[in-house]
Amino acid sequence: HSHTHTLTHSHTHTLTQLTHTHSLSSQPSLTTAGCVYLARRMEGREGWNSDLAHHAGYSKDDLREIVMKIAGIRERAEGSTLK
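Quick notes on the rules
Residues numbered from 1 in each chain as written. Predicted model: local features only at pLDDT ≥ 70, side-chain atom pairs only at ≥ 80, totals over all residues. Heavy atoms only, no water. Helix = DSSP H or I, 4+ residues; strand = E, 2+ residues; numbered from the N terminus. Buried < 20%, exposed > 50% of the residue type's maximum accessible area, 1.4 Å probe, protein only. Contact = heavy atoms within 4.5 Å. Salt bridge = Lys/Arg side-chain N within 4 Å of Asp/Glu carboxyl O. Expected span 1.5 Å × (residues − 1). Core = buried A, V, L, I, M, F, W, Y, C linked by side-chain atoms within 4.5 Å.

S.K.: Honestly, the overall build of the chain in this entry has me stumped. Any pointers?
M.R.: Helix and strand content of the chain: four helices and zero strands. Element order for the chain, N to C, with α for helix and β for strand: α-α-α-α. Counting across all 83 residues of the chain, residues that qualify as buried make up 30%. Expressed as a percentage of contacts within the chain between residues at least 6 apart in sequence, the contacts between residues at least 24 apart total 69%.

S.K.: Help me understand the environment of glutamate 46 in this model?
M.R.: Secondary-structure assignment places glutamate 46 in the loop between α2 (28-42) and α3 (50-56). The contact partners of glutamate 46, leaving out residues within four places of it in the chain, are Arg40 and Arg41.

S.K.: Got a minute to help me understand the environment of glycine 47 in this structure?
M.R.: With respect to the helices and strands, the residue glycine 47 is situated in the loop between α2 and α3. Under the relative-accessibility criterion, glycine 47 is labelled buried at 4%. Sequence-wise, glycine 47 and cysteine 35 are twelve residues apart; in three dimensions their C-alpha atoms are separated by 9.8 Å. Not counting the four nearest positions on each side in its chain, glycine 47 is found in contact with Tyr37, Arg40, Arg41 and Leu52.

S.K.: Mind showing me how you'd approach the pattern of salt bridges here?
M.R.: Opposite charge on two side chains permits pairing when their charged atoms draw close. Applying the stated criterion across every chain, the model contains three salt bridges. The closest approach of N and O atoms between aspartate 61 and arginine 64, which form a salt bridge, is 2.3 Å. Taken together, the residues span about one helical turn, with aspartate 61 and arginine 64 both in helix α4 (residues 60-81) at a distance of three residues. Exposure remark for aspartate 61: the relative accessible area of 55% places this residue in the exposed category. The exposure class assigned to arginine 64 is partly exposed, which follows from its relative accessible area of 48%. Among the ionic pairs, lysine 69 bridges to glutamate 65, the shortest N-O distance being 3.5 Å. One end of the pair, lysine 69, and the other, glutamate 65, are both in helix α4, four residues apart, so they sit about a helical turn from each other.

S.K.: Help me understand α2, please; the structure alone is not making it clear to me.
M.R.: Side chains three or four residues apart in an α-helix point the same way, a direct result of the helix having 3.6 residues per turn. Relative to the 21 Å expected for 15 residues at 1.5 Å per residue, α2 spans 21 Å between its end C-alpha atoms, a close match to the ideal helical length. For α2, every residue scored as buried is listed here: Leu30, Thr31, Ala33, Gly34, Cys35, Val36, Tyr37, Leu38, Ala39 and Arg40. Of the residues one or two after α2, glycine 44 is the one with positive phi, at around 80°.

S.K.: Would you explain the nonpolar core in this entry?
M.R.: In globular proteins that are soluble, nonpolar side chains generally tend to be buried together. Formed by 14 residues in total, the largest nonpolar core has its most connected members in Leu15, Trp48, Leu63, Ile66, Val67 and Ile70. Where this core is concerned, the elements lending two or more residues are α2 and α4. The element contributing the most residues to this core is α2, with seven residues.

Fair warning: the whole summary comes from geometry, so function is off the table for now.
See below:
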């Protein structure tokens, strides 16, 4: 469990850093929630659950658009490092 938490935190931090270099017109809390969702999915885990929704105040549907934006930023960043 501790390793999973550390990995999620690491992925979330990396994704959050990527979003800071792009102008996202969403609230920081929504962007962070989207990063958590995507980090969990990167690890093969359920992206969002009722506990996260309760504590963050966002439903999975609320995250859909920002997650797509963050995933696009991540894909472009990974693509640029491979060249």
